[in-house]
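The primary structure of each chain is shown beneath.
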Amino acid sequence: DSGVTQTPKHLITATGQRVTLRCSPRSGDLSVYWYQQSLDQGLQFLIQYYNGEERAKGNILERFSAQQFPDLHSELNLSSLELGDSALYFCASSPESKGSSPLHFGNGTRLTVT
Amino acid sequence: GQQVMQIPQYQHVQEGEDFTTYCNSSTTLSNIQWYKQRPGGHPVFLIQLVKSGEVKKQKRLTFQFGEAKKNSSLHITATQTTDVGTYFCAGYSGNTPLVFGKGTRLSVIA
């Protein structure tokens, strides 16, 4: 158990809809990262938050947004969903803002857009 | 931007054979990390290498960091069915968050 909690485990929704994925980091970790994993595409970095503030942005679409709340949990909002957004979305946490610390991943949310 | 290339993409081995995956970065790295993702699971941190030329071992797994700190390898001796999964390297250069390679998916045939 990594200590990182992601909900829900599965999401099935239709194109054009909006969903929210939730992540609670490991106790004591201030950084939260969001990654997208599509078939054979590896782990694509989306966005990082550190102690409530956006720290780094990757290949995140404008239709996607995220935030980190005072209790350090984070939410990833995906809107105007398209078929191509179907993927596994992982949240990971670490104690530091830099990437020098190992990441602890949650179990992921599998999003299916139909 | 920084890119991390990993080869091969897939590897099928007979149980007991050795396995190696290679990782190359377009930039010099501060550290490189390795993760394993079992089928249906999430990536799990294995190890971090920091020093030029560093070699670390975990039982049958040997990790190397190149002298120029731009490449790394993971070698598994005498693979077992429990080694099945996708192995990712991830490089940190100090400027951006970890950049992951696309991974090497290892299948072990008993």
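Above: the structure in question.
Residues numbered from 1 in each chain as written. Chains lettered and ligands numbered in written order. Predicted model: local features only at pLDDT ≥ 70, side-chain atom pairs only at ≥ 80, totals over all residues. Heavy atoms only, no water.

> Can you lay out the sheet that holds strand β1 (residues 4-7) of chain B for me, pointing to particular residues and giving the numbers?
Whether parallel or antiparallel, the strands of a sheet pair through hydrogen bonds between backbone atoms. All names here are of chain B. With respect to topology, 5 strands assemble into an open sheet ordered β1-β3-β8-β7-β6, the strand pairing being antiparallel. Only two strands of the sheet have a single partner each, and these edge strands are β1 and β6 (55-58). Going across the sheet, the axis of each strand differs from the next one's by a mean of 15°, ignoring polarity. The pairing of strand β7 (residues 61-65) with strand β8 (residues 71-76) spans 5 bridges and is antiparallel. Bridging from a neighbouring strand, F63 pairs with L74 of β8. (Pairing = 2+ DSSP bridges. Helix = DSSP H or I, 4+ residues; strand = E, 2+ residues; numbered from the N terminus. Axes fitted to C-alpha atoms, helices over the stretch in contact; angles between N-to-C directions.)

> Quick rundown of the layout of surface pockets? Include the residues and the values.
If you add up the space inside the largest pocket, you get close to 630 Å³. Looking at the largest pocket, it is lined by 33 residues, and the ones nearest its centre are A:Q37, A:L88, A:R110, B:Q37 and B:G40. Those elements that place two or more of their residues in the lining of the largest pocket are β9 (87-94) and β11 (109-113) of chain A together with β9 (85-92) and β11 (104-109) of chain B. Ranked by residue count, the leading element in the lining of the largest pocket is β11(A), at 4 residues. Tallied by class, residues from the lining of the largest pocket come to 9 nonpolar, 18 polar and 6 charged. Approximately 380 Å³ is the volume attributed to the second largest pocket. (1 Å grid on protein atoms, 1.4 Å probe; cavity = no way out; pocket = protein on both sides within 12 Å on 5 of 7 lines; lining within 4 Å. Points joined across faces, edges and corners; volume = space filled by probe spheres on them. Nonpolar A, V, L, I, M, F, W, Y, C, P; charged D, E, K, R; others polar.)

> Break down the pairing of strand β3 (residues 19-25) of chain B for me, citing the residues and quoting the values.
Residues and elements named next belong to chain B. Of all 7 residues in β3, 5 are buried; the element is thus mostly enclosed. Relative to β3, β1 runs antiparallel, the two being bridged by 4 bridges. The partner of M5 across the bridge, within β3, is N24. Where β3 and β8 come together, 6 bridges link them in antiparallel fashion. Within β8, the position partnered with N24 by the bridge is N71. (Buried < 20%, exposed > 50% of the residue type's maximum accessible area, 1.4 Å probe, protein only.)

> Describe the packing of aromatic side chains, naming the residues involved and giving the relevant values.
What describes a pair of aromatic rings is the distance from one ring centre to the other and the angle between the planes of the rings. What the rule picks out here adds up to 13 aromatic pairs over all chains. Where A:Y35 meets A:F105, the ring centres are 5.8 Å apart and the plane angle is 45°; that geometry is what we call tilted. In this pair, A:Y35 sits in strand β4 (residues 31-37) while A:F105 sits in strand β10 (residues 104-105), placing the two residues 70 residues apart along the sequence. Side by side, A:Y35 and A:F105 carry an identical accessibility label, which is buried. Connected via pairs of aromatic rings, a cluster forms that spans A:Y33, A:Y35, A:F45, A:F90, A:F105, B:Y35, B:F45, B:F88 and B:F100. (Phe/Tyr/Trp six-rings, centres within 6.5 Å; stacked < 30°, edge-to-face > 60°.)

> Account for the state of the cysteines, with residues named and values stated.
Throughout the structure, instances matching the rule amount to 2 disulfides over all chains. With a sulfur-sulfur separation of 1.8 Å, A:C23 is cross-linked through a disulfide to A:C91. A torsion of -45° about the S-S bond marks the disulfide between A:C23 and A:C91 as left-handed. Here A:C23 is found in strand β3 (residues 19-24), whereas its partner A:C91 is found in strand β9, with 68 residues between them in sequence. The exposure classification of A:C23 matches that of A:C91, with both residues buried. Each disulfide pairs two cysteine sulfurs, and for B:C23 the partner residue is B:C89, the sulfurs being separated by 1.9 Å. What sets the handedness of the B:C23 and B:C89 disulfide is the S-S torsion sign, and at about 75° it is right-handed. With B:C23 in strand β3 and B:C89 in strand β9, this pair connects stretches of sequence that are 66 residues apart. For the pair shown, B:C23 and B:C89 are each scored as buried. (Disulfide = S-S within 2.5 Å.)

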